[in-house]
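What follows is each chain in one-letter form.
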Amino acid sequence: MDLFDKLRQQIFTNSPLPRLDSSDISALTDRHPGLPADYLQFLTEVGYGDLGEVQLHSGPSAAESIYSAIPESLKSVLVFGDDKQGYCFGFDKNDGFRVFEVSPTGEVTKDGEPDFSSLIQSYFD
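Each chain has its residues counted from 1, running along the sequence as written. It should be noted that, the model being predicted, local features are given only for residues of pLDDT at least 70 and side-chain atom pairs only at 80 or more, the latter also being counted only at that level, while totals for whole chains, interfaces and linings use all residues. Each side-chain value is worked out from all heavy atoms of the structure, with water and hydrogens disregarded.

A. Structural view of the sheet that holds strand β3 (residues 77–82). Only strands joined by at least two bridges in the DSSP assignment are considered to pair. The helix count covers DSSP runs of H or I at least four residues long, the strand count covers runs of E at least two residues long, and both are numbered beginning at the N terminus. Taking strand neighbours across the sheet as the criterion, the six strands line up as β1-β2-β3-β4-β5-β6 in an open arrangement whose pairing is antiparallel. Only two strands of the sheet have a single partner each, and these edge strands are β1 (49–50) and β6 (108–109). Examined bridge by bridge, β1 and strand β2 (residues 55–62) share two bridges and lie antiparallel to one another. The partner of G49 across the bridge, within β2, is L56. In what follows, residue pairs with any heavy atoms lying within 4.5 Å of each other are defined as contacts. Think of each axis as a best-fit line through the C-alpha atoms, taken over the contacting stretch in the case of a helix, with angles from 0 to 180 degrees between the N-to-C directions. Seen against the sheet, helix α3 (residues 37–45) touches β2, β3 and β4 (88–92) and runs at an angle of roughly 130 degrees to β2.

B. Main features of the nonpolar core. In these notes, a set of buried Ala, Val, Leu, Ile, Met, Phe, Trp, Tyr and Cys residues joined through side-chain atoms within 4.5 Å is what counts as a nonpolar core. Think of it in three bands: with a 1.4 Å probe and only protein chains considered, a residue is buried below 20% of the maximum accessible area for its type, exposed above 50%, and partly exposed in between. One finds Y39, F42, L51, F80 and F116 to be the most contacted residues of the largest nonpolar core, which totals 26 residues. Of all elements in the fold, only α2 (22–31), α3, β3, β4 and α4 (116–122) reach the threshold of two or more residues within this core. Of the residues forming this core, the biggest block, four residues, is contributed by α3. Counting seven residues, the second largest nonpolar core, distinct from the first, contains A63, V77, V79 and V102.

C. Highlighting the packing of aromatic side chains. A pair of aromatic rings is counted whenever rings of Phe, Tyr or Trp (Trp by its six-membered ring) have centres within 6.5 Å, and the orientation is called stacked for planes under 30 degrees apart, edge-to-face for over 60 and tilted otherwise. Taken as a whole, this structure holds nine aromatic pairs when the rule is applied. Among the aromatic residues, those joined into a cluster by ring pairs are Y39, F42, F80, F89, F91, F97, F116 and Y123.

D. Structural detail: the packing of α2 against α3. Packing of α2 against α3 brings their axes to within 10 Å, and their N-to-C directions diverge by 150 degrees. Accordingly, the angle class assigned to the pair α2 and α3 is roughly antiparallel. Where α2 crosses over α3, the handedness of that crossing is right-handed. Residues I25, L28 and T29 of α2 form the contact with α3, whose participating residues are L40, L43 and T44. Tallied by class, residues from the contact of α2 with α3 come to four nonpolar, two polar and no charged. For classification purposes, an angle smaller than 35 degrees is called roughly parallel, one larger than 145 roughly antiparallel, one from 65 to 115 roughly perpendicular, and anything else oblique. Whether a crossing is left-handed or right-handed is set by the direction in which the near helix is turned from the far one by less than a right angle, anticlockwise for left-handed and clockwise for right-handed. Note on residue classes: Ala, Val, Leu, Ile, Met, Phe, Trp, Tyr, Cys and Pro are nonpolar, Asp, Glu, Lys and Arg are charged, and everything else, Gly too, is polar.

E. Inspection of unusual backbone geometry at higher detail. The phi torsion at K84 lies on the positive side, around 65 degrees, for a residue other than glycine. By secondary structure assignment, the location of K84 is in the loop between β3 and β4. Judged by its relative accessible area of 41%, K84 falls in the partly exposed class. With a phi close to 60 degrees, F97 is a non-glycine residue in the positive phi region. Among the structural elements, F97 can be located in the loop between β4 and β5 (98–102). Accessibility expressed as a relative area gives 11% for F97, which makes it buried.

Laid out in structure tokens, this is it:
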């Protein structure tokens, strides 16, 4: 059983999620070297989109593409998803691609899940 088998069975969608292929992953890693392997694996094996309580984007975006007034703490954050209630999730490039939650006002919460897999699994436990 691989890392995301249990999760794949728990995701309730009307149709299969779109998934990225190897050329998509290469493009992402060229743009953002250092993206976590578990995140990339999820995008290729499970997919992206509506996961129930969480929306996972097809790739990370710079925080300034989402937030209008960007504080210094967000300049190194790549947003990869949200909870459909205004909170986003992102990787901090300057902190080993650690996962952070970002409030609707752009405040970074440094506590929480340590990595992508833990974050996604926390929504399905």
